[in-house]
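This is what each chain is made of:
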Amino acid sequence: GAVVSQHPSWVICKSGTSVKIECRSLDFQATTMFWYRQFPKQSLMLMATSNEGSKATYEQGVEKDKFLINHASLTLSTLTVTSAHPEDSSFYICSARDLGVPTEAFFGQGTRLTVV
Amino acid sequence: GNSVTQMEGPVTLSEEAFLTINCTYTATGYPSLFWYVQYPGEGLQLLLKATKADDKGSNKGFEATYRKETTSFHLEKGSVQVSDSAVYFCALLGTSGGGADGLTFGKGTHLIIQP
């Protein structure tokens, strides 16, 4: 099946610094990738939809200047958390859709971000 | 808009018990339906899916049938094991966005199986 690789799997950073999370589709091309955030013991909330070659579409309430998304190629999307603060600590998960398999989405392993 | 409602847990069962986790949805068109499982500290794994009405998804002893008339996709397993302890998410993938839609998730059900 299709594989989505997310890196790093966990990261600890100091408050005020920026952190970049990568999401790669390893064996398929993904024109659209999705970024989700999951708080402890809660469901996944869609943050933004990342489109290759164009600006991301952010969900209501998500700060686009804080969560920078770049979809540089058909196999790579990045999420940068800028000027991170402790309230940004969360589990971030990316997902990608393969146009060849339109009825499914594939998930990365997730990134545990802790801001201290 | 699309929405998914699933029973909230935690659900605690004894090993070999019968499991049902209810899931209902609201969506336009003909969505695809999924169950994902998340083990502690890990990402999501697809457990099973169904892409059209009356389809039955099955995997690892789990089953769910896409019921359009009741807009439901209940997850069942005949005999649960301790290793099934995890959080289960029901999810929906809409068809109205031309392939650009993200998944809509239920809130998740924490399943605890006791030996």
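To start, this report covers the structure provided alongside it. (Residues numbered from 1 in each chain as written. Chains lettered and ligands numbered in written order. Predicted model: local features only at pLDDT ≥ 70, side-chain atom pairs only at ≥ 80, totals over all residues. Heavy atoms only, no water.)

Before going further, it helps to examine the overall build of chain B. From N to C terminus, chain B includes 0 helices and 12 strands. Beginning at the N terminus, the succession of helices and strands in chain B can be written as β-β-β-β-β-β-β-β-β-β-β-β. Relative to a compact globule of 115 residues, whose C-alpha radius of gyration would be 13 Å, chain B shows 14 Å and is just as compact. In terms of principal-axis extent, the alpha carbons of chain B reach across some 45 × 30 × 20 Å. Split into buried and exposed, the 115 residues of chain B put 43% on the buried side. Across chain B, the fraction of contacts at a sequence separation of at least 24, relative to all contacts at a separation of at least 6, is 57%. On chain B, roughly 5,400 Å² of surface is accessible, and the fraction owed to carbon and sulfur atoms is 48%. The centroid of the 8 positive side-chain charges in chain B is displaced by 6 Å from the centroid of its 11 negative side-chain charges. (Helix = DSSP H or I, 4+ residues; strand = E, 2+ residues; numbered from the N terminus. Rg over C-alpha atoms; globule rule 2.2 N^0.38 Å. Buried < 20%, exposed > 50% of the residue type's maximum accessible area, 1.4 Å probe, protein only. Contact = heavy atoms within 4.5 Å. Areas by Shrake-Rupley, 256 points an atom, 1.4 Å probe, with all protein chains shown as cover. Lys, Arg positive; Asp, Glu negative; His and termini not counted. Charge placed at Lys NZ, Arg CZ, Asp CG, Glu CD.)

A word on the interface of chain A and chain B. On the chain B side, the residues contacting the 20 residues of chain A number 21 residues. Together, the buried faces of chain A and chain B total about 1,500 Å²; carbon and sulfur atoms form 56% of this surface. Among the residues of chain A in contact with chain B, Arg97, Thr103 and Phe107 of chain A are the three that bury the most area, contributing 32% of the side total. Connecting chain A to chain B are 0 salt bridges. In this assembly, chain A and chain B are joined by 5 residue pairs in polar contact (both at pLDDT 80 or more). Looking at the side of chain A that touches chain B, the elements with two or more residues in it are strand S4 (32-38), strand S5 (44-51) and strand S9 (90-97) of chain A. No other element matches the 4 residues that S4 of chain A contributes to the side of chain A that touches chain B. Split into classes, the residues belonging to the side of chain A that touches chain B amount to 10 nonpolar, 8 polar and 2 charged. (Buried area = accessible area lost by both parts, 1.4 Å probe. Salt bridge = Lys/Arg side-chain N within 4 Å of Asp/Glu carboxyl O. Polar contact = N/O pair within 3.5 Å; in protein donor to acceptor, adjacent residues only side chain to side chain. Nonpolar A, V, L, I, M, F, W, Y, C, P; charged D, E, K, R; others polar.)

Strand-to-strand pairing in sheets goes through backbone hydrogen bonds, with the strands running parallel or antiparallel. All names here are of chain B. Taken in spatial order, the 4 strands of this open sheet run S3-S9-S8-S7, and their pairing is antiparallel. Of all the strands in the sheet, the pair left with one neighbour each is strand S3 (19-21) and strand S7 (56-59). Between one strand and the next, the sheet's axes are offset by a mean angle of 15 degrees, whatever the strand orientation. Of the pairings in the sheet, the one linking S3 to strand S9 (residues 75-77) comprises 3 bridges and is antiparallel in character. Across the sheet, residue Leu19 finds its bridge partner in S9, namely Lys77. (Pairing = 2+ DSSP bridges. Axes fitted to C-alpha atoms, helices over the stretch in contact; angles between N-to-C directions.)

Counting residues in hydrophobic clusters, the biggest one holds 25 residues, and the most contacted among them are Trp35, Leu48, Phe73, Leu75 and Tyr88 of chain B. Those elements that place two or more of their residues in this core are strand S2 (11-14), S3, strand S4 (23-26), strand S5 (32-38), strand S6 (44-50), strand S8 (62-65), strand S10 (86-93) and strand S12 (109-114) of chain B. The next biggest cluster of nonpolar side chains, apart from the first, holds 24 residues, and it includes Met33, Ala84, Phe106 and Val115 of chain A. (Core = buried A, V, L, I, M, F, W, Y, C linked by side-chain atoms within 4.5 Å.)

Here the focus is the pattern of salt bridges. Residues and elements named next belong to chain B. Evaluation of the coordinates by the stated rule reveals 5 salt bridges over all chains. Lys52 is paired through a salt bridge with Asp55; the nearest N and O atoms lie 3.4 Å apart. For Lys77, the salt bridge identified is with Asp84, shortest N-O distance 2.8 Å. Taken individually, Lys77 and Asp84 each receive the classification buried, so the pair is uniform in this respect.

Residues and elements named next belong to chain B. Across the two faces of strand S1 (residues 3-6) the burial differs, with Val4 and Gln6 buried and Ser3 and Thr5 not buried at all. Examined bridge by bridge, S1 and S4 share 4 bridges and lie antiparallel to one another. Across the sheet, Val4 pairs through a bridge with Tyr25, a residue of S4.

Moving on, we get to the pairing of strand S2 (residues 10-13) of chain A. The side chains of a regular strand alternate between both faces of the sheet. Residues and elements named next belong to chain A. By the alternation rule, side chains of S2 split into Val11 and Cys13, which are all buried, and Trp10 and Ile12, of which none is buried. Sheet topology note: the S2/strand S11 (residues 111-115) ladder contains 4 bridges and is parallel. Bridged to Val11 within S11 is Leu113.

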